[in-house]
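Single-letter residue listing:
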Amino acid sequence: MKIGFIGLGNMGGPMAANLARAGHDVTGFDTADVTIDGVARAASAAEAATGAQVVITMLPNGQILRKVAAEVIPAMDKGAVLLDCSTVDVESARAVARQAQDAGLSALDAPVSGGVGGAQAGTLTFMVGGDESGFNIARELFDIMGQKAVHCGPSGNGQAAKICNNMILGATMIVTCEAFALADKLGLDRQAMFDVVSTSSGSSWSMTTYCPAPGIGPQSPADNDYKPGFAAELMLKDLRLAQEAAAAADADTPLGEAAMKLYAEFVEREDGMGRDFSAMLPRFEKRGYS
Ligand code: NAD
């Protein structure tokens, strides 16, 4: 397949490399000067999109996505697929999809879970919104870049699934860290705490797969001095998107709001910037009841 790939950063770079390695003809563009193995370089986003059957974007936010979409949509052939894998607000995803459909294209919003490790290993999970025909064309690319793609319904629903998932993740990580810090103060051994909770009703991915306590459970960023992994500022971005969506849809999400405020404090006023989102545990360790 001829593929244009725009945004070759921490995630997009390895995703594009995997597509090229699988034999696809990939042309990439990034505003930064990056070279990716097996990926031809274009001088602009429009050039990368010209003649492509699928154009993939992996960009920082919705504002940049809207700008890039305005450049690439006119350059794309009718019937081609615009596949956005960035995490952006639901409104931007739906606006870009409408523009693409008006120009005779298929549009998919397909944000991912799995992080840089998943992008490199080709084990991402894609949450996909948009039309069935576009999903069927993109499926073979999802199979190369990931281990699972779930079609969640019409445009924007992929982003909706992503922010709901990450709102749960942010809140469960915080409460798991709180519980470890409380257990410490109650004299409960961390290994015992893990052994109980990981097989009891308080269990979650934050405990069993990404345990925030160093030396406990499977390898996680806690065992590497809380180097990301999934950076706290990226979690904050996703929690803000969830709150924007909740406000727009008139949904009551008090725990999501509390999680957003805690990550904002951690990233913007404490030492959370550049640390893994599970570094909430050392934060709670230092604090008393107030
Ligand atoms: P990144 O900052 O490493 O990459 C973004 C790339 O886009 C950069 O290389 C940047 O130069 C490029 N770019 C910016 N403006 C551009 C433009 N106008 N035209 C072309 N290129 C442009 O970020 P990332 O970690 O790769 O994340 C990308 C997206 O994936 C984000 O939406 C993020 O929320 C999401 N995401 C990231 C992770 C993660 O663990 N890093 C996990 C899941 C989802």
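The rules behind these values
Residues numbered from 1 in each chain as written. Predicted model: local features only at pLDDT ≥ 70, side-chain atom pairs only at ≥ 80, totals over all residues. Helix = DSSP H or I, 4+ residues; strand = E, 2+ residues; numbered from the N terminus. Rg over C-alpha atoms; globule rule 2.2 N^0.38 Å. Buried ≥ 20, exposed ≤ 12 C-beta atoms within 10 Å, placed from the backbone. Contact = placed C-beta atoms within 7 Å. Core = buried A, V, L, I, M, F, W, Y, C linked by C-beta atoms within 7 Å. Domains from an automatic or database assignment. Expected span 1.5 Å × (residues − 1). Arc of directions from axis to C-beta.

Asks: Any chance you could explain the overall build of the protein chain here in plain terms?
Replies: Check the secondary structure of the protein chain and you find 12 helices and 9 strands. In terms of overall dimensions, the protein chain is globule-like: its C-alpha atoms have a radius of gyration of 20 Å, near the 19 Å expected for 290 residues. Seen through its principal axes, the protein chain has C-alpha atoms that stretch 65 × 40 × 35 Å. Relative to its full complement of 290 residues, the protein chain shows a buried share of 50%. Long-range contacts, defined here as pairs at least 24 residues apart, represent 61% of the contacts in the protein chain between residues at least 6 apart.

Asks: What is the right way to look at the nonpolar core in this model?
Replies: The tendency in soluble globular proteins is for nonpolar side chains to be buried as a group. Grouped together as the largest cluster of nonpolar side chains are 96 residues, with contacts concentrated most on Ala-16, Val-54, Val-55, Leu-82, Leu-83 and Tyr-263. It is helix H7 (residues 157-185) that provides the largest number of residues to this core, a total of 11 residues. Mapped onto the domain boundaries, this core takes at least three residues apiece from domain 1 (2-153) and domain 2 (160-286). The residues touching Tyr-263, leaving out its near neighbours within four places in the chain, are Gly-170, Ala-232, Met-235, Leu-236 and Leu-239.

Asks: Looking at this structure, how should I read helix H4 (residues 90-102)?
Replies: Two residues of an α-helix separated by three or four positions point the same way, owing to the 3.6 residues in each turn. Between its first and last C-alpha atoms H4 spans 18 Å; for 13 residues at 1.5 Å apiece the expected length is 18 Å, and the two agree. By the burial criterion, the buried members of H4 are Val-90, Ser-92, Ala-93, Val-96, Ala-97 and Ala-100. When H4 is viewed along its axis, its buried side chains cluster within an angular range of 160° and face the same direction. The exposed residues of H4 that point more than 90 degrees off its buried face are Arg-98 and Asp-102. In the core, the buried residues of H4 are packed alongside helix H3 (62-72), strand E5 (81-84), strand E6 (106-109), strand E8 (124-130), H7 and helix H10 (232-249). Just downstream of H4, Gly-104 is the residue with a positive phi angle, here 85°.

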